[in-house]
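Okay, here's what each chain looks like letter by letter:
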Amino acid sequence: QVQLVESGGGLVQAGGSLRLSCAVLGRTLSTYGWFRQAPGKEREFVAAITRSSGNTYYGDSVKGRFTISRDNAKNTVYLQMNSLKPEDTAVYYCAATSSYGLRSRTSSYDYWGQGTQVTVSS
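Criteria and thresholds
- Residues numbered from 1 in each chain as written.
- Predicted model: local features only at pLDDT ≥ 70, side-chain atom pairs only at ≥ 80, totals over all residues.
- Heavy atoms only, no water.
- Pairing = 2+ DSSP bridges.
- Helix = DSSP H or I, 4+ residues; strand = E, 2+ residues; numbered from the N terminus.
- Axes fitted to C-alpha atoms, helices over the stretch in contact; angles between N-to-C directions.
- Buried < 20%, exposed > 50% of the residue type's maximum accessible area, 1.4 Å probe, protein only.
- Polar contact = N/O pair within 3.5 Å; in protein donor to acceptor, adjacent residues only side chain to side chain.
- Contact = heavy atoms within 4.5 Å.
- Core = buried A, V, L, I, M, F, W, Y, C linked by side-chain atoms within 4.5 Å.
- Phe/Tyr/Trp six-rings, centres within 6.5 Å; stacked < 30°, edge-to-face > 60°.
- Lys NZ or Arg CZ within 6 Å of the ring centre and 35° of its normal.
- Disulfide = S-S within 2.5 Å.

Participant: What is the right way to read the sheet that holds strand E7 (residues 66-71) from this model?
Facilitator: Strand pairing in a sheet relies on backbone hydrogen bonds. The paired strands run either parallel or antiparallel. Pairing in this open sheet of four strands is antiparallel, and the strands run E1-E3-E8-E7 from one edge to the other. The two strands at the open ends of the sheet, each matched to only one other strand, are strand E1 (3-7) and E7. The average angle at which neighbouring strand axes cross in this sheet is 15°, direction not considered. Direction of pairing for strand E3 (residues 18-25) relative to strand E8 (residues 76-81): antiparallel, over a ladder of six bridges. Residue pairing in the sheet places Ala23 in a bridge with Thr76 of E8.

Shown next as structure tokens:
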């Protein structure tokens with residue numbers, strides 16, 4: 001049984017930073033991703049990383065501001081978010097799949113966390 005547990009969300013002022021963590025419990029998987037969903041909007045791809053090589057891929061709206069990383073020893077994935085903007089406000093979800101390869105579609109991921117709220121005030 002795979003379980004993804006996110007933490008690190010909260011309230012921050014515009015221009016600030018937050019780091020989200022996603023603990024992967026149960027077994028290791030091949031590719032991890034972060035998505036976000038604002039009220040009334042579809043779930044949006046944020047970033048992805050492969051467990052073995054550490055290759056990364058970012059959504060256009062966060063390139064240059066967010067960094068995804070992983071600690072294989074801790075089976076944990078991180079999302080460092082800098083220069084936050086009010087439009088980054090959303091529930092952030094960690095996702096994982098046993099398939100190898102960077103991917104941005106929600107349908108490509110098999111496992112999801114419960115989400116953590118990030119609110120950026122102006």
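Participant: What is the right way to look at the side chain of Thr31 in this model?
Facilitator: Turning to its location among the elements, Thr31 is positioned in strand E4 (residues 31-37). Under the relative-accessibility criterion, Thr31 is labelled buried at 0%. Within polar-contact distance, the side chain of Thr31 engages the backbone oxygen of Ser99 at 3.0 Å. Within the structure, Thr31 has its side chain in polar contact with the backbone nitrogen of Gly101 (distance 3.2 Å). Leaving out residues up to four positions away in the same chain, Thr31 has contacts with Ile49, Thr50, Ala95, Ala96, Thr97, Ser99, Tyr100, Gly101, Leu102 and Tyr109.

Participant: I tried to follow the nonpolar core on my own but got confused; where do I start?
Facilitator: Within soluble globular proteins, side chains that are nonpolar tend to cluster in buried spots. Of all hydrophobic cores here, the largest spans 28 residues; its most connected members are Trp34, Leu79, Met81 and Tyr92. At the level of secondary structure, the elements contributing two or more residues to this core comprise E3, E4, strand E5 (44-50), E7, E8, strand E9 (90-97) and strand E11 (116-121). Phe35, Phe45, Ala48 and Ala95 belong to the second largest nonpolar core, which has five residues in total.

Participant: I would appreciate a short explanation of the side chain of Asn75 in the present structure.
Facilitator: Looking at the element boundaries, Asn75 is found in the loop between E7 and E8. The residues touching Asn75, leaving out its near neighbours within four places in the chain, are Cys22, Ala23, Val24, Arg27, Thr28, Tyr32 and Arg51.

Participant: What is the right way to read the packing of aromatic side chains from this model?
Facilitator: Both the distance between ring centres and the angle between the ring planes are used here to describe each pair of aromatic rings. Summed over the entire model, instances satisfying the criterion amount to five aromatic pairs. When the ring of Phe35 is compared with that of Tyr109, the centres are 5.3 Å apart and the planes differ by 80°; the resulting orientation is edge-to-face. Of this pair, Phe35 sits in strand E4 while Tyr109 is found in the loop between E9 and strand E10 (111-112), placing the two residues 74 residues apart along the sequence. By the burial criterion, Phe35 is buried, and Tyr109 matches it. Here the basic side chain of Arg43 rests over the ring of Tyr93, its NZ or CZ set 3.7 Å away from the ring centre.

Participant: What is the right way to read the state of the cysteines from this model?
Facilitator: Formally, a disulfide is one covalent bond, and it connects the sulfur atom of one cysteine to the sulfur atom of another. Evaluation of the coordinates by the stated rule reveals one disulfide. One disulfide in the model links Cys22 with Cys94; its S-S distance is 2.1 Å. What sets the handedness of the Cys22 and Cys94 disulfide is the S-S torsion sign, and at about -80° it is left-handed. Highlighted residues: Cys22 in strand E3 and Cys94 in strand E9, separated in sequence by 72 residues.

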